[in-house]
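Listed here are the chains, written in short residue letters.
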Amino acid sequence: MDRTDYTSRAPAAALAAGTKAPDFALNTTPDQAVSVSDFSGRPVVLVFYPADWSPVCGDQLALYNELLPEFHRFNAALMGISVDGVWCHLAYARDRKLKFPLLADFEPKGSVAREYGVYRHREGVTERALFVIDSGGTIRWSYVSPIGVNPGADGILQALEALPAKEKAACPDKHPQPG
Amino acid sequence: MPRQAPTARLTVPVTAADHVLGPPAAPVTLVEYGDFECPFCGQAHGVVRALREQLGRQLRFVFRHFPLTTVHPHAQHAAEAAEAAGAEGKFWEMHDVLFEHQDALEDSDLVRYAAALGLDQTRFILELAGHVHAARVRADFLGGVRSGVNGTPTFFINGWRHDGPFDFDTLLEAIEDEIAAVAGRR
């Protein structure tokens, strides 16, 4: 049995407000990876959830799907993360008509969840955890919900509202046209 | 039950703009955030009716919309249909019909129900097609989100979110506890 101690460098609890958000590159489709730094200049909402298809997750992600226009008002990017693989994510997103990316923290399993301090070693899944990261890549709010409880969205919206006004401005044009 | 998070409090007070059944002076106000296509809300509909019969003038009931449209594709139009009926004074009649016909919520069904309730069909169709009431439904939804509604049905008893099961006995006990608490404070 693999006795590797993956936990030695991992934080014991969810990374708190004020911490630099660990960057990562995770696949959202078989040939497309996404990282926090891709969204530099925009707030990011990271939603760790235990598994595709489980009932509470479904309700939670359906709620966030419904709220995408509100997140966009804050210029925020929303991403779900679980240890499921990309094909599972694709099937799940299609079935539930989710319009935001689901990232596969699949190999090495849960490595990003470990870095954020939200991996459940006993079950081999992530906590049900929320992170709001500002445009400079610093965590501004984090919350770990009891695993069976849908945390809703009010905490996320409050955290986005609490960001400085410049965070919520329209996305800066990184590729201005010459002239 | 422990009242824990500040998020578990109803942030949008009940006003004249709400759909309300029961006397304003009732010691307990039960607010439901619901979705006409949600089967659990369908179950809760019968529970609420039984609670109102049991508690009479001690209970005021408020219904607010919380359609989860990506999982319930008919829920948004159904909510708008209830509002369109409400614009002609028949919100609760339509509310009841929708919950009693959750498996038939196509637009043609909605128009049929409007006709059966004696609504002005032309007006109803125009309001539905023009999404005249969409903003009201969305406002209910967003207010619910800010109050910590995370799925349907979600109930608030005198402004506190009810986190237990929503069967008749559990809700009755929670409401009767609140009636007793209110009586104790008076």
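Up top is the structure these notes are about.
Residues numbered from 1 in each chain as written. Chains lettered and ligands numbered in written order. Predicted model: local features only at pLDDT ≥ 70, side-chain atom pairs only at ≥ 80, totals over all residues. Heavy atoms only, no water.

> Any chance you could explain the interface of chain B and chain A here in plain terms?
Taken together, the contact pairs 15 residues of chain B with 18 residues of chain A. Taken together, the two surfaces of chain B and chain A that pack against each other cover about 1,400 Å², and 52% of this comes from carbon and sulfur. The largest per-residue losses of area from chain B upon contact with chain A belong to T70(B), R146(B) and N150(B), which jointly make up 45% of the total buried on that side. The closest approach of N and O atoms between R146(B) and E161(A), which form a salt bridge, is 2.9 Å. Along the contact surface separating chain B from chain A lie 6 residue pairs in polar contact (both at pLDDT 80 or more). Grouping the amino acids of the side of chain B that touches chain A by side-chain chemistry returns 8 nonpolar, 5 polar and 2 charged. (Contact = heavy atoms within 4.5 Å. Buried area = accessible area lost by both parts, 1.4 Å probe. Salt bridge = Lys/Arg side-chain N within 4 Å of Asp/Glu carboxyl O. Polar contact = N/O pair within 3.5 Å; in protein donor to acceptor, adjacent residues only side chain to side chain. Nonpolar A, V, L, I, M, F, W, Y, C, P; charged D, E, K, R; others polar.)

> It is not clear to me how the pairing of strand 3 (residues 59-65) of chain B should be interpreted in this structure. Could you clarify?
Each regular strand carries side chains that alternate between the two faces of the sheet. Residues and elements named next belong to chain B. Along strand 3, 7 of the 7 residues are buried, which leaves the element largely enclosed by surrounding structure. Burial of the side chains of strand 3 extends over both faces: L59, F61, F63 and H65 are buried on one face and R60, V62 and R64 on the other. As paired strands, strand 2 (residues 28-34) and strand 3 are joined by 7 bridges and run parallel to one another. When the sheet's bridge partners are listed, E32 is paired in strand 3 with F63. At this point the chain moves from strand 2, through helix 1 (residues 39-55), to the parallel strand 3, and the crossover so formed is right-handed. (Buried < 20%, exposed > 50% of the residue type's maximum accessible area, 1.4 Å probe, protein only. Helix = DSSP H or I, 4+ residues; strand = E, 2+ residues; numbered from the N terminus. Pairing = 2+ DSSP bridges. Right-handed = clockwise from strand over helix to strand, strands pointing away.)

> Looking at this structure, how should I read the pattern of salt bridges?
Oppositely charged side chains may form a pair once their charged atoms are brought near each other. Taken as a whole, this structure holds 16 salt bridges over all chains when the rule is applied. Among the salt bridges present, the one from R96(A) reaches D95(A), with a minimum N-O distance of 3.0 Å. Look at R96(A) and you get partly exposed, because its relative accessible area is 22%. D95(A) gets classed as partly exposed once you look at its relative accessible area, which sits at 43%. The partner of E127(B) in a salt bridge is R123(B), and the shortest N-O contact between them spans 3.0 Å. Taken as a pair, E127(B) and R123(B) lie in helix 5 (residues 121-129) at a separation of 4 residues, close to a single helical turn. Classification of E127(B) by relative accessible area gives buried; the value is 12%. Beyond isolated ion pairs, a larger network of salt bridges with shared partners links E70(A), R73(A) and R138(B).

> Is there a simple way to think about helix 1 of chain B in this case?
One turn of an α-helix holds 3.6 residues; hence residues three or four places apart share an orientation. Residues and elements named next belong to chain B. With 17 residues, helix 1 extends 25 Å between its outermost C-alpha atoms, agreeing within 8% with the 24 Å of an ideal straight helix rising 1.5 Å per residue. All of the buried residues in helix 1 are C41, G42, A44, H45, V47, V48, L51 and L55. The first or second residue beyond helix 1 is G56, which carries a positive phi of 55 degrees. (Expected span 1.5 Å × (residues − 1).)

> Where do I start with unusual backbone geometry in this structure?
The bulk of non-glycine residues show a negative phi, and the bulk of peptide bonds are trans. In this structure, the amide linkage connecting E107(A) to the following residue, P108(A), adopts the cis form with an omega of -5 degrees. With respect to the secondary-structure elements, P108(A) resides in the loop between strand 5 (102-104) and helix 4 (111-115). Here the residue pair T152(B) and P153(B) is connected by a cis peptide bond, since its omega of -5 degrees sits within 30 degrees of zero. The residue P153(B) is located in the loop between helix 6 (134-146) and strand 4 (154-157) in this model. Although it is not a glycine, K97(A) adopts a positive phi angle of roughly 55 degrees. Among the secondary structure elements, K97(A) is positioned in the loop between helix 3 (86-96) and strand 5. For K97(A), a relative accessible area of 49% translates into the label partly exposed. Despite not being glycine, N158(B) has its phi angle at roughly 45 degrees, a positive value.

> Even after reading the chapter, I still don't get the nonpolar core, so can you show me in this structure?
Inside soluble globular proteins, nonpolar side chains tend to come together where they are buried. Core analysis: the largest hydrophobic core is formed by 42 residues, its most contacted members being L30(B), L51(B), M94(B), L98(B), F124(B) and I175(B). Discounting residues that sit within four places of it in the chain, I175(B) has contacts with V28(B), L30(B), L51(B), L55(B), L59(B) and I157(B). The next biggest cluster of nonpolar side chains, apart from the first, holds 35 residues, and it includes V47(A), L61(A), A159(A) and L68(B). (Core = buried A, V, L, I, M, F, W, Y, C linked by side-chain atoms within 4.5 Å.)

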